[in-house]
Amino acid sequence: DVIKRLIEIGLCNSFNYPSFRQPYKSEIEINISNINKSNEYNCVLKKVPYKEMYDELNRSGLYTMKMIDGALIQLCYSFVDNKLVKHRLAFLPSPHLLEFQNSPDDYIEDELYADILDPRIVVVPIRFDFDDSIGSDGEKISKSILHPVSHLTIGQYANCRIPVSSGMTPYEFIDFIVRNFYNTLFNYHDIKLECNYDYFENSITDEELQVVNISLPIK
């Protein structure tokens, strides 16, 4: 539904259907249809310049959606016994944005693209991660404050993990991205990504509530 809506208003011009995989009876993975996990994570985790990482993801089609300005969006979820265990929700702006900004004639109503044609824009990737899994040592991967179950990473900083109150649904994530990074188009089209699904349960700890954190809407 989210992909269809963004295509309808012209915000998304390329996409890959989500894939549903069930490696075990109790597990469900929702991922990018043509993903090769080893390739993706090798590319993302290598210490390479952001431009190289973006170009490889774009070349390999490792995205759920590609926006009109070249930004890539990734939506990946894992569930065990119908409970959210992991998600990776990434917004990866194009490092070639200058080329887009220098071609305003391609866009009839330039004012609608004010947010993404502004030459002052600095490209910064963001990622909302959720990890409530158990490591090989039998302990949880997450650690309060140091590695919150749900957290926001900005700009590929390895130790940037801003606590988030819970996991994010696709609707919450896409609403956040479009509302904040494509606001002119968001308001022009009066975009409403309404959702009848429940929100994920809170995962933030009392300790994390004592530092700057991000609170998601609650039902």
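Presented here is an overview of the structure given in this document.

Analysis parameters
- Residues numbered from 1 in each chain as written.
- Predicted model: local features only at pLDDT ≥ 70, side-chain atom pairs only at ≥ 80, totals over all residues.
- Heavy atoms only, no water.
- Core = buried A, V, L, I, M, F, W, Y, C linked by side-chain atoms within 4.5 Å.
- Buried < 20%, exposed > 50% of the residue type's maximum accessible area, 1.4 Å probe, protein only.
- Helix = DSSP H or I, 4+ residues; strand = E, 2+ residues; numbered from the N terminus.
- Arc of directions from axis to C-beta.
- Pairing = 2+ DSSP bridges.
- Salt bridge = Lys/Arg side-chain N within 4 Å of Asp/Glu carboxyl O.
- 1 Å grid on protein atoms, 1.4 Å probe; cavity = no way out; pocket = protein on both sides within 12 Å on 5 of 7 lines; lining within 4 Å.
- Points joined across faces, edges and corners; volume = space filled by probe spheres on them.
- Nonpolar A, V, L, I, M, F, W, Y, C, P; charged D, E, K, R; others polar.

What about the nonpolar core?
Nonpolar side chains tend to gather and get buried jointly when the protein is soluble and globular.
In step 1: Membership of the largest hydrophobic core comes to 35 residues, with the highest contact counts inside it found for Leu 6, Leu 11, Met 65, Ile 73, Phe 173 and Tyr 182.
In step 2: Where this core is concerned, the elements lending two or more residues are α1 (2-8), β4 (65-67), β5 (72-80), β6 (83-92), β7 (126-131), α6 (170-181) and α7 (183-188).
In step 3: Sort the elements by how many residues they give to this core and α6 lands first, with 5 residues.
In step 4: In this structure, Tyr 50, Met 53, Leu 57 and Leu 62 belong to the second largest nonpolar core, which totals 9 residues.

Some thoughts on helix α3 (residues 50-60)
In step 1: What α3 keeps buried is the set Tyr 50, Met 53, Tyr 54 and Leu 57. For α3, the arc enclosing every buried residue in end-on projection is 95 degrees, short of the 170-degree limit, so these residues lie on one face.
In step 2: Gly 61 sits one or two positions beyond α3 and adopts a positive phi of about 70 degrees.

A closer look at the pairing of β7
For a regular strand, side-chain orientation follows a simple rule: the groups alternate between the two sheet faces.
In step 1: Most of β7 sits inside the fold, with 6 of its 6 residues counted as buried.
In step 2: What you see with β7 is no split at all: Ile 126, Phe 128 and Phe 130 on one side and Arg 127, Asp 129 and Asp 131 on the other are buried throughout.
In step 3: For β6 and β7, the ladder comprises 6 bridges, and the chain directions are antiparallel. Bridge pairing links Arg 88 to Asp 129 in β7.
In step 4: The sheet contact formed by β7 and strand β8 (residues 150-154) spans 5 bridges and is antiparallel. If you follow Arg 127 over to β8, its bridge partner there is Thr 153.

Topic: the pattern of salt bridges
In step 1: Using the criterion set out here, one finds 8 salt bridges in the structure.
In step 2: In this structure, Asp 175 and Arg 179 form a salt bridge, with 3.1 Å as the shortest nitrogen-oxygen distance. A residue pair is termed a helical-turn pair when its members lie 3 or 4 positions apart in one helix, as Asp 175 and Arg 179 do in helix α6 at 4 residues.
In step 3: On the accessibility criterion, Arg 179 (38% relative accessible area) is partly exposed.
In step 4: Three or more residues are tied together by salt bridges with common partners; here these are Lys 83, Asp 132 and Lys 140.

Overview of the layout of surface pockets
In this approach, a probe sized like a water molecule rolls over the atoms, and the result shows the empty space that is left.
In step 1: Volume-wise, the second largest pocket comes out at about 600 Å³.
In step 2: Together, 18 residues line the second largest pocket, and Phe 20, Ile 30, Tyr 77, Pro 170 and Tyr 171 are the ones closest to its centre.
In step 3: Mapped by element, the contributors of at least two residues to the lining of the second largest pocket are α1, β2 (18-21), β3 (27-32), β5 and α6.
In step 4: Top contributing element to the lining of the second largest pocket by residue count: β5, with 3 residues.
In step 5: For the lining of the second largest pocket, a count of residues per class yields 13 nonpolar, 3 polar and 2 charged.

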